[in-house]
Structure formats: C-alpha cells, structure tokens
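Single-letter residue listing:
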Amino acid sequence: MSVRVRRWVRRRVEAASARGESGMTAIEFVFLTPVLFFMIFATVQFALYFFADHVAQAAAQAGARKARATADAQPGGWRGEARGVVDSYIRQLGPQLVLGPDVKMLQPEQNTVGVEITARIPTVFPGLDLTVHAQSVGPVERFVQEGEN
C-alpha cells in the first residue's frame, strides 16, 4: 500500500471517530449478514434443484431405454421392467434428493414408448415447494430378420 493511500485511510478513520461514526461497521455488518446468508442458501438450493433435475432426467432416459428395448418382445411387461430401472436409478443416484417420484409410462403412439417423472425436491427455505419434471420418449426397437419389412 502506498504512503498516499495510508494517509487517506488514516484521515478517514480519524474523521469518522471525530464525528462519532465508530459503530457504523457493526451496524453495516448487522444489515449485510442476512443478505450474505440468503445468497449462500440460494446457491445451495440451486445446486439441489440442478442435481435433482439431472437425477430425474437420467432415470427417465434409463427407463425409456429399457422400455424401447423390451416393448416389442414383451407387449405388456415392458412397463414393470422400465419402472424397475427408474426406481433403481433414483435409489442409486439420489434417494434423499428425489422425493415421492410420480412415474408414468407413456405410449403416445403405437410404436413409441417413454417415461415421465415428476418429483419434489428438498428445500432450504421454509414454505418453498419445488418440483422437477423429466420425460424421455423414443421409438420401439424392433428386430427384423433379413428380407422382412
């Protein structure tokens, strides 16, 4: 720090003490602390939401992959197998993060299947209710022998 800056700081401190502003730092700290805590908690909440969204999306994609692979071989059994894969993914990646998942098996068209997940996530702010939504849909994989259409 240069001599000129030191002198300026010393003059400011002396002027503040002469005017009776010695408690201003404590008052500023009291007002800024809640803002700092809010920013920290908001960052944590964003990270929770972001990770829960990725867990739900990964589970939906894994379930849809299983559904696409088994829907042609097992016309009714693909729903149970896809649900098992979704539950397994959620248990492995975020059992305390994806709360009460509502898993729906989709079949919007005859040759298309998919998975849709809606779930709540934990929050650090009281009264805040956040949900994540993920969906993955794709065509049924169909294996044909050579010469068939």
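Structural data are supplied above this passage.
So, here's what we can say about the structure. No experiment lies behind these values; they were computed from the predicted model shown.

1. Notes on the overall build of the protein chain
Tallying secondary structure elements over the protein chain gives 3 helices and 3 strands in all. The helix and strand sequence of the protein chain, counted from the amino end, reads α-α-α-β-β-β. Here the protein chain holds 149 residues, and the buried ones make up 25% of them. For the protein chain, the proportion of contacts with a sequence separation of at least 24, taken over those separated by at least 6, is 55%. Just so you have it, the protein chain exposes about 10500 Å², and 58% of that area is on carbon and sulfur atoms.

2. Description of the sheet that holds strand β1 (residues 99–106)
One open sheet accounts for 3 strands, arranged β1-β2-β3; its pairing is antiparallel. Edge positions in the sheet fall to β1 and β3 (130–139), since each has one partner strand and no second. Averaged over all neighbouring strand pairs, the angle between strand axes comes to 10°, with direction disregarded. Note that strand β2 (residues 112–121) and β3 share 10 bridges and pair antiparallel. Each bridged residue has a counterpart across the sheet, and for I117 the counterpart in β3 is A134. Along the sheet, helix α3 (residues 78–93) makes contact with β1 and β2, crossing β1 at roughly 150°.

3. Some details on the environment of A60
Tracing the chain through its elements places A60 in helix α2 (residues 24–70). Look at A60 and you get buried, because its relative accessible area is 0%. Taking the C-alpha atoms as reference points, A60 and S136, separated by 76 residues in sequence, lie 5.7 Å from one another. When residues no more than four places from it in sequence are discounted, the contact partners of A60 are V115, I117, A134, Q135 and S136.

4. Regarding the nonpolar core
The biggest cluster of nonpolar side chains holds 23 residues, and the ones touching the most others in it are V86 and I117. For this core, the elements supplying multiple residues, two or more each, are α2, α3, β1, β2 and β3. By residue number, the principal contributor to this core is α2, which donates 6 residues. Apart from the residues lying within four places of it in its own chain, the contact partners of I117 are A56, A59, A60, V86, P101, D102, V103, V132, H133 and A134.

5. Quick word on the pattern of salt bridges
Proximity of charged atoms lets side chains of opposite charge pair with each other. For the coordinates displayed, the defined rule picks out 3 salt bridges. The shortest N-O distance in the salt bridge between K66 and E81 comes to 3.5 Å. On the criterion of sequence distance, the pair formed by K66 in helix α2 and E81 in helix α3 is long-range, its members being 15 residues apart. Classification of K66 by relative accessible area gives partly exposed; the value is 31%. Given the relative accessible area of 29%, E81 is considered partly exposed.

6. Some details on the side chain of E116
Examined against the element boundaries, E116 turns out to sit in strand β2. Side chain to side chain, E116 and H133 meet in a polar contact 3.2 Å long. Setting aside anything within four residues of it in sequence, one finds E116 in contact with D102, V103, K104, L106, H133, A134 and Q135.

7. Observations concerning the packing of aromatic side chains
By the definition in use, this model includes 3 aromatic pairs. Their ring planes at 40° and their centres at 5.6 Å tell us that F38 and F125 sit as a pair that is tilted. Of this pair, F38 sits in helix α2 while F125 sits in the loop between β2 and β3, and the two are 87 residues apart along the sequence.

What counts and what doesn't
- Residues numbered from 1 in each chain as written.
- Predicted model: local features only at pLDDT ≥ 70, side-chain atom pairs only at ≥ 80, totals over all residues.
- Heavy atoms only, no water.
- Helix = DSSP H or I, 4+ residues; strand = E, 2+ residues; numbered from the N terminus.
- Buried < 20%, exposed > 50% of the residue type's maximum accessible area, 1.4 Å probe, protein only.
- Contact = heavy atoms within 4.5 Å.
- Areas by Shrake-Rupley, 256 points an atom, 1.4 Å probe, with all protein chains shown as cover.
- Pairing = 2+ DSSP bridges.
- Axes fitted to C-alpha atoms, helices over the stretch in contact; angles between N-to-C directions.
- Core = buried A, V, L, I, M, F, W, Y, C linked by side-chain atoms within 4.5 Å.
- Salt bridge = Lys/Arg side-chain N within 4 Å of Asp/Glu carboxyl O.
- Polar contact = N/O pair within 3.5 Å; in protein donor to acceptor, adjacent residues only side chain to side chain.
- Phe/Tyr/Trp six-rings, centres within 6.5 Å; stacked < 30°, edge-to-face > 60°.

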